[in-house]
Amino acid sequence: MEAKLKELKCCLIEVDDLQSAAALLYWDQSTYMPSGGAAARARQTATLSRLAHEKFTTPALGKLLDELQPYEEQLPCDSDDASLIRVTRREYERAIKVPPAFMQKFYSHCSESYQVWTEARPANDFNMVRPCLEETLAMSRQMAEFFPGYEHIADPLIDFSDYGMKASDVRRIFSNLRERLVPIVDAITAQTPADDSCLHQTFPEERQLRFGIETIKRLGYDFERGRQDKTHHPFMTKFSLGDVRITTRSKEDDLSDALFSTIHEAGHGMYEQGIRMELDGTPLANGTSSGVHESQSRLWENVVGRSRRFWNCFYPRLQAEFSDQLGTVSLETFYRAINKVQKSLIRTDADEVTYNLHVMLRFELELDLLDGVLKVADLPDAWRERFQADFGIVPPDDRDGVLQDVHWYAGTIGGAFQGYTLGNILGAQFFASALDNHPEVFSEIEAGEFGTLHRWLKENIYQHGCKFTASELVQRVTGGSLQVEPYIAYLRQKYGELYELPCEESPVSNLD
Ligand code: ZN
């Protein structure tokens with residue numbers, strides 16, 4: 001059995017090498033590659049991805065997994081080896097269900113659709129991309145059909161990114177959240193909005209980036225095992241556990257853009273840097289779901305990085321870096337500016353209170369499209385109607401409406417958005433657990449120290465990679481299931497100090 005396990009690991013590391021090489025090509029494409037390289041790069045990435053897929057779905061690997069099953073059953077299920085066999089089998093079974101010819105067709109459709117979208121959005125022309133989107137919807141349905149036995153057709157697609165979650169679970173969580181969130185949003189947005197003009201002066205890029213790098217070093221992002229480069233749409237990527245990179249972007253007239261996207265990506269990066277080295281090169285060396293991954297970026301970006309305690313320590317440094325711009329701006333003004341809440345058009349610019357409404361709108365539309373209740377041709381109108389119902393604003397055009405996010409134009413319809421809100425909920429829930437165990441975390445943040453928090457996250461979440469599913473992890477860490485209560489409590493506490501909020505009728509604690 002030892003020999004077979006070794007054989008499995010050898011095969012998996014070659015798959016990982018191919019995937020990492022493809023990731024490196026993608027990173028280069030998004031950071032330094034001259035535009036002339038685009039056509040060849042698309043082909044090169046596709047070739048490597050295909051080779052990785054072929055290698056991973058070879059029947060020999062399936063046979064090996066079958067032979068290892070009795071061995072797995074003897075091991076404790078949380079051991080590295082049992083987890084490796086279990087998680088590899090899960091991914092293998094998923095991968096072999098989708099015919100390679102379909103995948104190839106789907107990828108090439110996505111890159112074509114993405115290309116059309118990059119022209120359609122600036123042109124504010126939904127009809128230009130509509131035929132592509134109709135094809136995407138048909139293919140998303142086909143993709144789901146490879147996994148029969150679902151309750152809702154979106155389930156298999158949600159399962160890709162948030163394993164174990166069904167549309168009905170997400171709906172239940174979202175409706176519970178919405179009910180408690182909307183009164184908070186309405187109360188805050190009925191009051192005078194914060195003045196955030198202090199963030200919109202001229203801030204030289206070089207100094208913005210320097211401040212960001214110093215900040216994430218303090219949080220615990222390891223530059224010996226990572227680096228940061230500039231890109232258009234920030235992301236994190238990993239080539240091995242010793243090389244977990246992040247990207248950022250800056251706007252000279254918006255101080256918060258680079259700063260918070262840097263902290264956000266560093267949160268994703270610290271998660272993967274914190275995975276135990278023994279898992280490197282295996283399918284276990286990844287975050288466990290998009291929701292849990294996002295919980296880490298949000299925890300560092302919002303719960304820590306937009307907190308008063310954090311800025312009590314970091315604001316004097318920021319003022320020193322930008323003395324001309326912020327020298328006479330008080331900490332209170334700055335704090336209110338970075339936590340300004342407003343109903344706005346763009347999801348990625350939204351504050352942490354209204355953000356979830358953007359996600360829920362997209363999630364519901366995805367389900368309607370997949371259900372066949374909504375036609376692609378009617379999507380822009382449906383978007384406007386729901387947007388007006390939820391935000392009280394009518395998007396002036398499709399560019400900042402239905403065309404704003406890349407997701408549907410470069411991937412499946414279904415499964416792409418729920419992770420963001422699950423992440424907001426889980427980030428607050430994990431932070432509450434960390435605080436229960438280490439009340440000193442608050443005073444450390446105020447002193448610019450993050451060691452206890454970072455160690456706790458590493459010990460309880462990061463080190464495991466994807467050995468445990470999201471729900472197993474939440475159970476282990478918090479002793480219960482996913483709950484919206486800590487997130488609502490966090491928002492009420494933080495924003496209740498800045499704005500007058502209505503009392504909740506009966507603040508029921510639904511913690512297990
Ligand atoms: Zn993220």
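Right above here is the structure, for reference.
Below, the structure is looked at part by part. (Residues numbered from 1 in each chain as written. Predicted model: local features only at pLDDT ≥ 70, side-chain atom pairs only at ≥ 80, totals over all residues. Heavy atoms only, no water.)

**Concerning the nonpolar core**
Basically, it comes down to this: By convention a nonpolar core is built from buried Ala, Val, Leu, Ile, Met, Phe, Trp, Tyr and Cys residues, the set being connected through side-chain atoms within 4.5 Å. Relative accessibility thresholds used throughout: buried, under 20% of the residue-type maximum; exposed, over 50%; partly exposed, between the two (1.4 Å probe, protein chains only).
Counting residues in hydrophobic clusters, the biggest one holds 125 residues, and the most contacted among them are Trp-300, Val-304, Trp-311 and Trp-408. With 26 residues, the next largest nonpolar core counts Val-15, Leu-64, Leu-65 and Tyr-92 among its residues.

**Considerations on the sheet that holds strand β2 (residues 236-240)**
Through backbone hydrogen bonds, the strands of a sheet pair up, either in parallel or in antiparallel fashion. What counts, and what does not: Being paired, for any two strands, means DSSP has found at least two bridges between them. In this description a helix means any DSSP run of H or I spanning at least four residues, a strand means any run of E spanning at least two, and both kinds are numbered starting from the N terminus. Here the axes come from fitting lines to C-alpha atoms, over the contacting stretch only for helices, and the angles between their N-to-C directions go from 0 to 180 degrees.
Taken in spatial order, the three strands make up an open sheet running β1-β3-β2, and their pairing is mixed. Taken across any chain shown, the strands that pair with only one partner, and hence form the sheet edges, are β1 (228-230) and β2. Strand-to-strand twist of the sheet, defined as the mean angle between neighbouring strand axes without regard to direction, takes the value 30°. Where β2 lies against strand β3 (residues 243-248), four bridges are found, and the strand directions are antiparallel.

**Some points on empty space enclosed by the protein**
So the rule is basically this: In this analysis a 1.4 Å probe is tested at points of a 1 Å grid over the protein atoms alone, and where it fits but cannot get out there is a cavity; an open set with protein on both sides within 12 Å along at least five of seven lines is a pocket; lining residues have an atom within 4 Å of a point. Grid points are joined across faces, edges and corners, and a volume is the space filled by probe spheres set on the points. Each residue receives one of three labels: charged for Asp, Glu, Lys and Arg, nonpolar for Ala, Val, Leu, Ile, Met, Phe, Trp, Tyr, Cys and Pro, and polar for the others, Gly being one of them.
Per the stated rule, a full pass over the model turns up two cavities of 30 Å³ or more. Considered as a void within the structure, the largest cavity measures approximately 60 Å³ in volume. Taken together, Arg-298, Leu-299, Asn-302, Val-303, Glu-352, Gly-423, Asn-424, Gly-427, Ala-428, Tyr-487 and Tyr-490 make up the full set of residues lining the largest cavity. Those elements that place two or more of their residues in the lining of the largest cavity are α11 (290-304), α18 (418-437) and α22 (485-496). For the lining of the largest cavity, a count of residues per class yields five nonpolar, four polar and two charged. Its boundaries defined by the atoms lining it, the second largest cavity holds a volume of some 40 Å³. Arg-362, Trp-383, Gly-401, Val-402, Gln-404, Asp-405, Trp-408, Tyr-409 and Phe-417 together form the lining of the second largest cavity. In terms of residue class, the lining of the second largest cavity is made up of five nonpolar, two polar and two charged.

**Concerning the side chain of Arg-347**
For the record, the criterion: Contacts were defined at the residue level, with two residues in contact if any of their heavy atoms lie within 4.5 Å.
With respect to the helices, strands and loops of the structure, Arg-347 is situated in the loop between α14 (331-338) and α15 (355-371). Discounting residues that sit within four places of it in the chain, Arg-347 has contacts with Tyr-355, His-358, Arg-362, Gln-404, Asp-405, His-407, Phe-417 and Tyr-420.

**What about α18?**
We count it as follows: Multiplying one less than the number of residues by 1.5 Å gives the expected span of a helix.
A rise of 1.5 Å per residue sets the reference length of α18, with its 20 residues, at 28 Å; its end C-alpha atoms lie 29 Å apart and thus fit the reference within 8%. With 17 of 20 residues buried, α18 is to be regarded as a mostly interior element.

**Details of the coordination of the zinc ion**
Test applied: Metal sites are built from N, O and S donor atoms within 2.8 Å, or 3.2 Å for Na, K and Ca, and they leave out water, so they may look incomplete. In short, tetrahedral needs four donors with all angles between 85 and 135 degrees, square planar needs four and octahedral six donors with opposite donors over 155 degrees apart and all other angles between 65 and 115, and whatever is left is irregular.
At the metal site, the zinc ion is ligated by His-264 (NE2), His-268 (NE2), Glu-294 (OE) and Glu-294 (OE), and these contacts range over 2.1 to 2.8 Å. Coordination at the zinc ion is irregular, judged from the four donor atoms that bind it and the angles of 49 to 125° they form at the metal. Donor residues for the zinc ion sit on one chain with the sequence pattern H-x3-H-x25-E. In this pair, His-268 is assigned in helix α10 (residues 255-273) and Glu-294 in helix α11, connecting sequence segments 26 residues apart.

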